[in-house]
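Tertiary structure, described
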Amino acid sequence: MRRSLILVASIAALAVSGVSSARVVDGHMEARSYAAVLADPVRPAEDRARDEARHTAETLAFAHVAPGQKIADMIIGGGYFTRVFSSAVGQTGHVTAWQPAEFIGFSADYGTSITKVDELANVDAIRSRIGAPEFPAGLDLIFTAQNYHDLHLTPFGPDTATRVNAAAFAALKPGGLYVIVDHHAAAGTGITQANTLHRIDIEAVKTEVQAAGFVLDGESDILAKATDPLTANVFDAAIRGQTSQFMLRFKKPE
C-alpha cells in the first residue's frame, strides 16, 4: 500500500511540474513522460534541436529524473543538461551546476554558460576547482555528460578522478545515483585516450567509480554508434556529433 501511495503522489507531482503523459514503471518514468520538459521555453531552440540526436528523453529516464529531486550537473559545458534538469525537477527541486574554475579560466564561454544557468530560479552555480567539487549534501543524482574523461587530462593531478568520485559518493544520499555519459574509446585502452582523443574506455570508468564505493546499477547503448571507428578525436569535423557513447548508472548503497 505504501508503494502505491508513493506512485500516486509521484504522478500528481508530475502533473504540477509540467511533465506530460506520465507513465510510471517500476517506480520510474518512461522516456515519453518528458515531452513537456523538452518543450519548456526556458530551453533555447538550439537545445531543442539537439534532443533527438542526444536521446535526451531516454537519458532522463535512464537517470530516473523526477520532479522535486536535488541534482548536480557535473561539468556543465554549455549548460544543455542543466536547463533540462531545471525544467524536470520543477519548483520543488533544485539543480547545482558545476563548472570547474580551470574550465572557466580556459575559455570565457564556460564562464558565460555558468553565469546564464545561475539565473534560473532553481539553479545554483558552483565554480570550485576540478579536484574539489563543492557539491551540497543529500543529492538524488549527480550527472555528467561527455566530461568524465576530462578528469584525466594532463594538466590535472593524477588523483583527480579519485577525488571527484569520492566527493560524489559523499554528496549523494543513500540510494542516490551517479550517471556518466562519455565517448567510447577502444576496448583495453583504459584512460590513455582521454587527453589525445577525449575518449575513455568504459571498463576503466566502471573500475574507477566502483572503487569509490558505488555499485553498477545499469548501462545503456542507446548512444552507441557502430560506425564510429573510435580512433578519431571527438572534435574532429569528420566525427563530431556522431561519436559512439556509453551511459552508465551507478548507485550509492543504501
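Everything quoted here is computed from the prediction, not taken from an experiment. (Residues numbered from 1 in each chain as written. Predicted model: local features only at pLDDT ≥ 70, side-chain atom pairs only at ≥ 80, totals over all residues. Heavy atoms only, no water.)

What follows covers the pairing of strand 4 (residues 94–98). Across the five residues that make up strand 4, a large majority, four, are buried. Pairing of strand 3 (residues 70–74) with strand 4 involves five bridges; the strand directions are parallel. Across the sheet, Ile71 pairs through a bridge with Val95, a residue of strand 4. For the crossover that starts at strand 3, traverses helix 6 (residues 80–89) and ends in the parallel strand 4, the hand is right-handed. One ladder, built from four bridges, connects strand 4 with strand 5 (residues 123–126); its direction is parallel. Along strand 5, the bridge assignment pairs Thr96 with Asp124. (Buried < 20%, exposed > 50% of the residue type's maximum accessible area, 1.4 Å probe, protein only. Helix = DSSP H or I, 4+ residues; strand = E, 2+ residues; numbered from the N terminus. Pairing = 2+ DSSP bridges. Right-handed = clockwise from strand over helix to strand, strands pointing away.)

Further remarks concern the sheet that holds strand 7 (residues 172–183). Strand order across the open sheet formed by seven strands is 5-4-3-6-7-9-8, with mixed pairing between neighbours. In this open sheet, the two strands that pair with only one neighbour each are strand 5 and strand 8 (215–220). Taking the axes of each pair of neighbouring strands and ignoring which way they run, one obtains an average angle of 20° across the sheet. Here helix 6 sits on the sheet and contacts strand 3, strand 4, strand 5 and strand 6 (139–145); the angle it forms with strand 4, its principal contact strand, is near 170°. Contacts from helix 10 (residues 202–211) reach strand 7, strand 8 and strand 9 (245–251) within the one sheet, and its direction differs from that of strand 9 by about 15°. (Axes fitted to C-alpha atoms, helices over the stretch in contact; angles between N-to-C directions. Contact = heavy atoms within 4.5 Å.)

Counting all residues, the mean pLDDT for the chain is 90, and 89% of those residues have values of 70 or more. In this model, residues 1–25 is a region of pLDDT below 50 whose contacts with residues beyond four sequence positions or in other chains number 35 contacts. (pLDDT = per-residue confidence, 0-100.)

Under the definition given, this model contains nine aromatic pairs. For the pair Phe169 and Phe214, a centre-to-centre distance of 5.1 Å together with 85° between the ring planes defines the contact as edge-to-face. Note that Phe169 is positioned in helix 9 (residues 160–171) and Phe214 in the loop between helix 10 and strand 8, a separation of 45 residues in sequence. Within the aromatic cluster, the residues linked to one another by ring pairs are Tyr80, Phe81, Phe85 and Phe143. Seen from the ring of Tyr80, Arg43 lies directly overhead, with NZ or CZ sitting 5.5 Å from the centre. For Arg249, the ring lying beneath its charged end belongs to Phe62, and the centroid distance is 4.6 Å. (Phe/Tyr/Trp six-rings, centres within 6.5 Å; stacked < 30°, edge-to-face > 60°. Lys NZ or Arg CZ within 6 Å of the ring centre and 35° of its normal.)

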